[in-house]
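A closer look at the structure
Take a look at the letters that make up each chain.
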Number of protein chains: 2
Amino acid sequence: MDALARSAGQLGHIIRRRRKALGLTQTDLAGLSGVRQELISRIETGHDGARLGTINSLLAALDLEMTVGPRSKSSAADILDAL
Amino acid sequence: MDALARSAGQLGHIIRRRRKALGLTQTDLAGLSGVRQELISRIETGHDGARLGTINSLLAALDLEMTVGPRSKSSAADILDAL
DNA sequence: GTGCTTTATGTGATTAAGGGCATAAACCAA
DNA sequence: TTGGTTTATGCCCTTAATCACATAAAGCAC
C-alpha cells in the first residue's frame, strides 16, 4: 500500500524497498531510469537535494506513483513503514 | 482526497489549489515556507527541476503530505483532479 | 478606465545537482 | 579468506536551481 514520504529519507527507503522487491540492483535501475547508480545510492540514503524530475524518473521506472493529500491521517502501518 | 502527482505540472496544480483553499497568496506561502514567491510561481506552473527539499518545504507549510505507492490504481476522480 | 494586489518573468550572482570516472566499502557466495 | 558483486563516496566539471532584486503582466475591485 501507499507509504508516507514526508522526508527525503522516507522517500529513499520506499525507493530502495521497491527496487529490491523487484529484484533490481542500483545498476539495473540506473539502466531503466536513466539515473546514474551513484545518484540512486545517494537518493536511497536520503539525499534531499534531488530534483523532482529525477525522483519522478525513478518512480516511473519502479512503477510507483506519488500522491499528495492533507496531513495527519497517518496510520500505525504508515509510521512503522517509515522507519 | 489525495491527488495524483505523476508530473511536475500535476504537483504544481495541487499546490496551487491547496494554497488558494487556505486563502494564501504566493507571498504568504513564501513567508511560511521559506521558499521565494518567484519560485513558488514557477513550481505552481510546472517547473520539474525543483529540488525535493523545496517541494517538501511547500508541502509542509500547506499541511500536505506525499505518499508513494504502486501505479495504475487511478480512479476517475484522480484523473479529473489532475487536469 | 484607475489603482492596488497578486502572479509571472527577466537578469545576474551564488550555490548545488548531476554527469562522469574512480575507488573504497560492504556484502555474499564458494 | 578470497573473489565477485553491489553499494557508498570522493573529486572535478558542466549545467541548472535558487537567491535576490526588479519589473512586467494579470486580476480584481471601485
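Residues numbered from 1 in each chain as written. Chains lettered and ligands numbered in written order. Predicted model: local features only at pLDDT ≥ 70, side-chain atom pairs only at ≥ 80, totals over all residues. Heavy atoms only, no water.

**Section: the environment of A:Ala50**
Defined as follows: Counting from the N terminus, the helices are DSSP H or I runs at least four residues long and the strands are E runs at least two residues long. Partly exposed residues are those whose accessible area sits between 20% and 50% of the maximum for their type, while under 20% is buried and over 50% is exposed, using a 1.4 Å probe and protein chains only. Whether two residues touch is decided by their heavy atoms; if any such pair falls within 4.5 Å, the residues are in contact.
With respect to the helices, strands and loops of the structure, A:Ala50 is situated in the loop between helix H3 (37-44) and helix H4 (52-61). By relative accessible area, which is 5% here, A:Ala50 ends up buried. As for A:Ala50 and A:Ile40, which are separated by 10 residues in sequence, their C-alpha atoms are 9.8 Å apart. Residues within four places of A:Ala50 in sequence aside, it is in contact with A:Ile43, A:Ile55, B:Ala50, B:Arg51 and B:Leu52.

**Describing the relation of the copies chain B and chain A**
In this arrangement, two copies of a chain are superimposed by a rotation about an axis accompanied by a shift along the axis. Put simply, the rule reads: The copies were overlaid by least squares, fitting only the C-alpha atoms of residues that reach a pLDDT of 70 or more in each copy.
Taken as rigid bodies, chain B and chain A are interconverted by a rotation of 179 degrees and an axial shift of 0.0 Å, the fit giving an RMSD of 0.1 Å. These values place the two chain copies in the arrangement generated by a two-fold rotation axis. Closest approach to the rotation axis within chain B is made by the C-alpha atom of B:Arg51, at a distance of 2.1 Å. A high fraction, 100%, of the interface residues of chain B reappear at the interface in chain A, so the copies pair face to face through one surface.

**Re the pairing of strand S2 (residues 64-70) of chain B**
Short version of the rule: Following DSSP output, two strands are said to pair if at least two bridges run between them.
Summarising burial for S2(B): 6 of the 7 residues are buried, a large majority. Sheet topology places strand S1 (residues 3-4) of chain A next to S2(B); 2 bridges connect them, and they run antiparallel. Bridged to A:Leu4 within S2(B) is B:Thr67. Bridge count between strand S2 (residues 64-70) of chain A and S2(B): 7 bridges; the pairing is antiparallel. Looking at the pairing, A:Pro70 lines up with B:Leu64 of S2(B).

All quantities given are derived from atomic positions and should not be read as evidence of function.
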